[in-house]
Amino acid sequence: MEYYSKKIIDRFLHPKNLGKIKDADGIGDTTNLRCGDLMKIYLKIEKKGGKEIIKDAKFETFGCGHAISISDMICDLVKGKTLDEALKIGYEAIIDELGPIPPVKMHCAKLAQTAMKAAIDDYKNKSKK
Amino acid sequence: MPKTYLDYAATTPCDPKVVKAMSGFLKKDFGNPSSIHNFGQKASMAIGGAREVLAEFLGCESEEIVFTGSATEADNLAIFGVVKAAKVAQPHLITSQIEHPAVLESCRALAGQGAQVTYLSVGKDGVVEIAELKKALKSNTVLVSIMYANNEVGTVQPIAEIAEVIKKTNPKTLFHTDAVQAVNFLDCDVKKLGADLLTLSGHKIYGPKGVGALYIKKGTPIEPIIYGGGHERGLRSGTENVAGIVGLGQAIKEIQNPKSKIQNIRIRQFRDKLIKTILKIIPASRLNGSLAQRLPNNVNISFDGAEGEAIVVALDQKGIAASTGSACSSGSLEPSHVLLALGLSEEVAHGSLRMTLGKYNTAKDVEKVIKVLPVVIQKLRKISGYSQS
């Protein structure tokens, strides 16, 4: 297996979901203490027929090429999903789309999942008030 | 796309003269150097020739050279071999926090077996402090192992001074230096350096991979770590890597060629241009390690808001091969132990780029980096949401 696959390189060089959402409904910020990566996920959420749907997702990541392409991919995957569906998106779903990643980089997928959960939790906390 | 290779501290291509010298010993003159017949004797003579070349380069006797399968093996032989021969109930070793893993992990393994180990800290400049070394020396200090030049930040240690302090404080303590990165650029005369043991490698000096050597001063108590047919005066059993040893010898010959001095001046000019320009045109960037006490080929710079591996991957896409800390540790997630020892924060240590120049680099390579690197850093800073305040 190549350390960086072509698919991952493409996403890393041309991320689709890069940046901030100014009036984000939820922001997830996380630090991976082990590898020093920082990931920030911004969510825009819309209520449709009693359901809360993720309308837009963007990211900012300080990390390696894998971390960046995975951040971009998870943003793609959660769009149009309900919050519960988004919370279920993990390693399997990400590599289904991106292709295999080296074992040493598996934590990048966990990190993206953690950042996503933090963003959803942030939205839930805010909407309670 | 033309490729710009800036990772000469990881490994170097073989010099064409090295390849030529080696090729005969892979096929035609394939004999086992231990054989008495003509095939064997030819191989044995070739090893003897390479040994003499190394001895001349190091200013020692041929018998003081042991060929090994790598510099890592040579470091292991020096450390484990000396401690084994010392037969001290609780041996004490001194090394530095910025050593190559070949030395650090060997010391850690011995510590696991009950040895005491002192890991000397370094200053922000990446240089060991003599006063601290002096304080650390004890009556049971069997060995001090301090590298000549660092592989990540290129800082050069005051080896002769270190040797002097050791011998004055505790004449029985042996001194080993890993000179792998220094050989291309610095004087390796073992008498001037005052080293009892010195490691060098083939593939960092335009020679082949899979061969290293250890200088062991005559009379140094040392025991083997590999046992077998008693090759290399019983210190490194295993049929010799004849072609590899011949290649190493030829690589050392090329370093002694006056042309190599001129190449090194050019390499230093390239290095200075890279450091000066990058620090000037890329904001929030800083050089890691001393500029004055530094190998002529090493550039190691940290950039806020851009992660090292991401920089390397993006540069690779533009045809520039560089590295983060060291190639050996790029599979690990921990930030470079060398940069942390220099006092960098974990985050800054994660954002470092190492470029190491070599004799095949051109002015065009330097121009290319100066053109491409700022774009890459800017892009990664955008991805990380980094903003200069």
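From a predicted model like this one, the values you see are computed outputs, not experimental measurements.

**Notes on the environment of A:Ser69**
All names here are of chain A. For Ser69, the position within the fold is in helix α2 (residues 65–78). Separated by 58 residues in the primary sequence, Ser69 and Arg11 have C-alpha atoms spaced 5.0 Å apart. Residue contacts for Ser69: discarding those within four places in its chain leaves Ile8, Arg11, Phe12 and Leu98.

**Regarding the sheet that holds strand β4 (residues 116–120) of chain B**
Residue and element names in this part refer to chain B. Read from one edge of the open sheet, seven strands run β2-β8-β7-β6-β5-β3-β4, paired in mixed fashion. Each edge of the open sheet is held by one strand with a lone partner, namely β2 (65–68) and β4. Along the sheet, successive strands turn relative to each other by an average axial angle of 20°, direction set aside. As paired strands, β2 and strand β8 (residues 212–216) are joined by four bridges and run antiparallel to one another. Pairing of Thr68 across the sheet is with Gly212, part of β8. Packing of helix α4 (residues 101–112) onto the sheet brings it into contact with β3 (92–96), β4, β5 (141–145) and β6 (174–178), and relative to β3 it is tilted by some 150°.

**What to know about the pairing of strand β12 (residues 352–356) of chain B**
Residue and element names in this part refer to chain B. β12 sits mainly inside the fold: five of its five residues count as buried. Here β12 shows a buried face lined by Ser352, Arg354 and Thr356 and a second buried face lined by Leu353 and Met355. Taken together, the five bridges between strand β10 (residues 298–303) and β12 define a ladder with antiparallel strand orientation. Within β12, the position partnered with Val299 by the bridge is Met355.

**Looking at the domain arrangement of chain B**
All names here are of chain B. Assigned domains of chain B: these are domain 1 (4–12 + 258–384) and domain 2 (16–256). Measuring from the centre of the C-alpha atoms in domain 1 to the corresponding centre in domain 2 gives 27 Å. Counting residues at the interface gives 24 residues for domain 1 and 26 residues for domain 2. Of all the secondary structure elements, the ones that give two or more residues to the side of domain 1 that touches domain 2 are α9 (258–281), β10 and α11 (337–341). No other element matches the three residues that α11 contributes to the side of domain 1 that touches domain 2. Residues belonging to the side of domain 1 that touches domain 2 are distributed by class as follows: seven nonpolar, 15 polar and two charged.

Procedures and definitions
- Residues numbered from 1 in each chain as written.
- Chains lettered and ligands numbered in written order.
- Predicted model: local features only at pLDDT ≥ 70, side-chain atom pairs only at ≥ 80, totals over all residues.
- Helix = DSSP H or I, 4+ residues; strand = E, 2+ residues; numbered from the N terminus.
- Contact = placed C-beta atoms within 7 Å.
- Pairing = 2+ DSSP bridges.
- Axes fitted to C-alpha atoms, helices over the stretch in contact; angles between N-to-C directions.
- Buried ≥ 20, exposed ≤ 12 C-beta atoms within 10 Å, placed from the backbone.
- Domains from an automatic or database assignment.
- Nonpolar A, V, L, I, M, F, W, Y, C, P; charged D, E, K, R; others polar.

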